[in-house]
Amino acid sequence: MSDALLKLDTVSKVFGGIRALSDVSLTVPQNRIVGVIGPNGAGKTTLFNVITGAYRASAGDVVFDGQSVTQWPSHRIVRAGIARTFQNIRLFAGMTVWEHLLVAQPHQGSMLRRVLPSRWADPKAWARAEEALEIFGLQTYRDSIARTLSYGLQRKVEMARAMTAGPKLLMLDEPVAGMNHDEAEELRQLLLRLQGRGLSILLIEHDMAFVMNLCHQLYVLDFGALIAAGTPAEIRTNPVVLDAYLGSE
Ligand code: ATP
């Protein structure tokens, strides 16, 4: 009996002549925080896109919660329990924080719903939005236009929005990019609390202090292939990783 929540088995992704991912196998165990690191262009975001169904794998298998999701469309993968954020912040113009948290939910459906009076919203969606506000400490900004907030707060809104989908696995693409040290530390504590509540987290990050102090397991990608996997302590001293990536940090 494996405790793997997510398992990639020799996954490849080819774009024309570019092999963005080459036979990548990795595991995210239940209730663990796993990091993916590697130089620019290593294939990290492509990996996220394949897991979430934005791209179809060219070969290999993606198994989530005991089911092969390799051929599933994104919306089905979200419903199965994977939510993500993006490297570039994707917030809607003119929408409040609260509106972002309501419309993102699978059950709330289309953007059109936002024009309906909020009392018509599904009470469960309402409760999930309230919970996400509270988890991320965004209550004060509930009625603020999300795009007018600081960069760090916008990142939080994105993560809160992902959480309203009720995921088992939260995937974060460079969550601390643009955050100052205090914001990053606050986020680290918050992600540890979420893990403490049973969530699994897979994240891409270039901030090595953040990654090393948070993740239980790290995978290192270089030119689309895994060059190392291990605990932060193992990765920090791995000569191959030092040569390909960390040595230049
Ligand atoms: P960064 O740290 O800069 O975000 P990354 O590790 O996330 O980089 P990817 O964005 O996954 O890397 O890119 C991996 C490779 O795949 C690059 O050579 C990139 O140009 C290529 N690639 C990614 N998406 C596409 C696409 N849609 N079409 C063609 N090539 C792509």
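- Under the annotation held in an unreviewed UniProt entry, the chain carries the name ABC transporter ATP-binding protein and is attributed to Pseudolabrys taiwanensis.

### Let's talk about the site of the ligand
Phase 1: Lining the immediate environment of the ligand, one finds 13 residues, of which Gly41, Gly43, Lys44, Thr45 and Thr46 sit closest.
Phase 2: Within the side chain of Thr46, one N or O atom sits 2.6 Å away from an oxygen atom of the ligand.
Phase 3: Its free accessible area being 640 Å², the ligand has 66% of it covered by the protein chains.
Phase 4: Among the elements that make up the shell around the ligand, the one with the highest residue count is helix α1 (residues 44–51) (3 residues).
Phase 5: Residue composition of the shell around the ligand, by class: 5 nonpolar, 7 polar and 1 charged.

### With respect to helix α5 (residues 151–163)
Phase 1: Taking 1.5 Å of rise per residue, the 13 residues of α5 would be expected to cover 18 Å, and the 19 Å separating its terminal C-alpha atoms lies within 8% of that figure.
Phase 2: For α5, the buried fraction is high: 12 of the 13 residues fall into the buried class.
Phase 3: Those residues of α5 that fall on the buried side of the exposure criterion are Gly152, Leu153, Gln154, Arg155, Lys156, Val157, Glu158, Met159, Ala160, Arg161, Ala162 and Met163.
Phase 4: Looking at the buried side of α5, the elements it contacts are β6 (82–84), α3 (97–103), α4 (123–135), β7 (169–173) and α6 (181–196).

### Regarding a nonpolar patch on the surface
Phase 1: There is a patch of nonpolar side chains on the surface, built from Phe15, Ile18 and Tyr55 and spanning about 270 Å² of accessible area.
Phase 2: For Phe15, a relative accessible area of 32% corresponds to the partly exposed category.

### Some points on the sheet that holds strand β4 (residues 59–64)
Phase 1: Reading across the sheet, the 4 strands line up as β2-β1-β4-β5 and stay open at both edges, with antiparallel pairing between neighbours. In the strand order of this sheet, the two ends are held by β2 (18–29) and β5 (67–68), each with one partner.
Phase 2: Strand direction decides the pairing type here: strand β1 (residues 4–15) and β4, joined by 5 bridges, are antiparallel. By the bridge assignment, Lys7 is partnered in β4 with Val63.
Phase 3: Lying over the sheet, α1 contacts β1, β2 and β4, oriented at roughly 115 degrees with respect to β1.

### A look at the pairing of β7
Phase 1: Of all the 5 residues making up β7, 5 are buried; the element is thus mostly covered by neighbouring parts of the structure.
Phase 2: The alternating pattern of β7 places Leu169, Met171 and Asp173 and Leu170 and Leu172 on opposite faces, both of which are buried.
Phase 3: Bridge count for β6 against β7 is 3 bridges, and the pairing is parallel. Paired with Ala83 across the bridge in β7 is Leu170.
Phase 4: In this structure, β7 lies alongside strand β8 (residues 200–204), joined through 5 bridges in parallel fashion. Paired with Met171 across the two strands is Leu202, which belongs to β8.

Analysis parameters
Residues numbered from 1 in each chain as written. Predicted model: local features only at pLDDT ≥ 70, side-chain atom pairs only at ≥ 80, totals over all residues. Heavy atoms only, no water. Near = heavy atom within 4 Å. Polar contact = N/O pair within 3.5 Å; in protein donor to acceptor, adjacent residues only side chain to side chain. Areas by Shrake-Rupley, 256 points an atom, 1.4 Å probe, with all protein chains shown as cover. Helix = DSSP H or I, 4+ residues; strand = E, 2+ residues; numbered from the N terminus. Nonpolar A, V, L, I, M, F, W, Y, C, P; charged D, E, K, R; others polar. Expected span 1.5 Å × (residues − 1). Buried < 20%, exposed > 50% of the residue type's maximum accessible area, 1.4 Å probe, protein only. Contact = heavy atoms within 4.5 Å. Patch = residues over 30% accessible without salt bridge, like charges linked within 9 Å, V, L, I, M, F, W, Y side chains within 5 Å. Salt bridge = Lys/Arg side-chain N within 4 Å of Asp/Glu carboxyl O. Pairing = 2+ DSSP bridges. Axes fitted to C-alpha atoms, helices over the stretch in contact; angles between N-to-C directions.

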